[in-house]
Amino acid sequence: MSDAFCSDCKRQTEVVFDHSAGDTVCSECGLVLESHSIDETSEWRTFANESGDNDPVRVGGPTNPLLADGGLTTVISKPNGSSGDFLSSSLGRWQNRGSNPDRGLIVAFKTIATMADRLGLVATIKDRANEIYKRVEDQKSSRGRNQDALLAACLYIACRQEDKPRTVKEICSVANGATKKEIGRAKEYIVKQLGLETGQSVEMGTIHAGDFMRRFCSNLGMTNQTVKAAQESVQKSEEFDIRRSPISIAAAVIYIITQLSDEKKPLRDISVATGVAEGTIRNSYKDLYPHLSKIIPAWYAKEEDLKNLQSP
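Residues numbered from 1 in each chain as written. Predicted model: local features only at pLDDT ≥ 70, side-chain atom pairs only at ≥ 80, totals over all residues. Heavy atoms only, no water.

S.K.: Can you break down the packing of helix α3 (residues 103-119) against helix α4 (residues 123-138) residue by residue, with the values?
M.R.: Following both chains from N to C, one finds α3 and α4 inclined at 145°, their axes separated by 10 Å at the closest point. At the point where α3 passes α4, the crossing takes the right-handed sense. Together, L105, A108, F109, I112, A113 and A116 of α3 and K126, A129, N130, Y133, K134 and E137 of α4 make up the contact between the two elements. Of the residues assigned to the contact of α3 with α4, the class counts are eight nonpolar, one polar and three charged. (Axes fitted to C-alpha atoms, helices over the stretch in contact; angles between N-to-C directions. Helix = DSSP H or I, 4+ residues; strand = E, 2+ residues; numbered from the N terminus. Left-handed = near helix turned anticlockwise from the far one by under 90°. Contact = heavy atoms within 4.5 Å. Nonpolar A, V, L, I, M, F, W, Y, C, P; charged D, E, K, R; others polar.)

This is how it looks when you write it as C-alpha cells:
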C-alpha cells in the first residue's frame, strides 16, 4: 500500500493497486483514483536454477542509433532450445546466409562492453567508446590494423574525454592480448583520423594525479585518513614544476604518505597497485623531496617526521 490524495476524502489516504484491472483504489471510500495504469514491472520471474533454453523474453534490446537499423533486427530463435533443429531449419539457415552490414560493429561493441565491465566503467564511457569506434570505422581506413588494440584505444580515449582516465596499463590488462605499444599506436591513429574528420585537434582532457589517487589507495587498502592526506598532497604538488607523469607523482605521494603512517607499504606493493615501475617511483620521490614540507599536510605529519623519512 501507499498514500495518495483522495478527492472524496479530501485528504491523504492509503490506496490499493488492483493489478488485474490496473486501478488505483482508495482503501477508505473505494473511489477509483486512477484507472488502466500500465504495469512497467516484469511479467515473469526468472530463477537461477531455471534452464536458459526457456527464455521468456519477448522483446529485444534497446535501440542503438550507431547501427544502420537501430539494432532492431529480427533473429530466428532456436526451436525448443535445440541447436540441431535450428541448424536444420530453413529459416535459420537462410538468416545465417544473409549479410548483416552491422555484424562487425555489433561484435566490436560487445568487445568494448566486456572491457568496460571488467574495468568497472560507467555506461557513458562505454557509449563514448562505441561512438569513437563508429566514427573511425566509417572512414574505411582501419582495415588491416590490430582490432583489439583499436578497441582498447577507443576505450582509453573515451575515459580521458569523460574525465575518468585509466592508465594504458589498466586498459592493456583487458585488451585481449594487445600490448601497450600497439594501443599507443592505435590511439595516435584514432586521434589523427578524428582530427581529419573534424578539421581540428581532438580534445583528450587533462590528466591529473588526483584522478588516480582514490583508486590506487583503494587497491592498497589504505585508511580514510591516509587517503585524505594523499589527495591533499597531490593537489598541492601541482603548484610545483615537477616534470613527472601524473601517475608517477601519484605513486610517489602514496609511498611518502604510507611511510609517514603506521601502515607502511612496501615499494613493490605500491608498484603493483599503481602499475609504475619501482625505479620510476624512486626518481619521482627524489623530485618531490625538496617540496615535502609544503606538500604534506601539517595535520598529518610534523617537520621532524619529514626529515626522518627514508628514501625508497
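Following the structure, the description resumes.
S.K.: I'd like a rundown of the packing of aromatic side chains, residues and numbers included.
M.R.: With the rule as written, the count across this model stands at four aromatic pairs. When the centroid spacing of 5.8 Å and the interplanar angle of 15° are considered together, the rings of F212 and F216 count as stacked. You can see F212 and its partner F216 sitting in helix α8 (residues 210-220), four residues apart, about one turn around the helix. For the pair F212 and F216, a shared accessibility class is recorded, and that class is buried. Between Y255 and Y285, the aromatic rings sit 6.0 Å apart at their centres with planes inclined by 90°, giving edge-to-face as the arrangement. With Y255 in helix α10 (residues 246-259) and Y285 in helix α12 (residues 278-288), this residue pair connects regions lying 30 residues apart in the sequence. Owing to a relative accessible area of 7%, Y255 belongs among the buried residues under this scheme. A relative accessible area of 3% means that Y285 is categorised as buried. In textbook terms, an aromatic cluster arises when at least three aromatic residues are bridged by ring pairs, as seen for Y255, Y285 and Y289. (Phe/Tyr/Trp six-rings, centres within 6.5 Å; stacked < 30°, edge-to-face > 60°. Buried < 20%, exposed > 50% of the residue type's maximum accessible area, 1.4 Å probe, protein only.)

S.K.: Lay out the pattern of salt bridges in plain terms, naming residues and giving numbers.
M.R.: Throughout the structure, instances matching the rule amount to eight salt bridges. With a closest N to O distance of 2.4 Å, E28 and R11 form a salt bridge. Of the two residues, E28 sits in the loop between β3 (23-26) and β4 (32-34) while R11 sits in strand β2 (residues 11-18), which places them 17 residues apart along the sequence. (Salt bridge = Lys/Arg side-chain N within 4 Å of Asp/Glu carboxyl O.)

S.K.: Got a sec to walk through the packing of α4 against helix α5 (residues 147-161)? Specific residues and values, please.
M.R.: A packed helix pair is summarised by two numbers, namely the angle formed by the two axes and the spacing between the axes. As a packed pair, α4 and α5 sit with axes 8 Å apart at the nearest point and diverge in direction by 125°. Judged by the inter-axis angle, α4 sits oblique to α5. By crossing handedness, the relation of α4 to α5 is classed as right-handed. Facing I125, R128, A129, I132 and Y133 of α4, the residues of α5 in contact are Q147, L150, L151, C154, L155, I157, A158, C159 and Q161. Residue classes in the contact of α4 with α5 are distributed as 11 nonpolar, two polar and one charged. (Parallel < 35°, antiparallel > 145°, perpendicular 65-115°, else oblique.)

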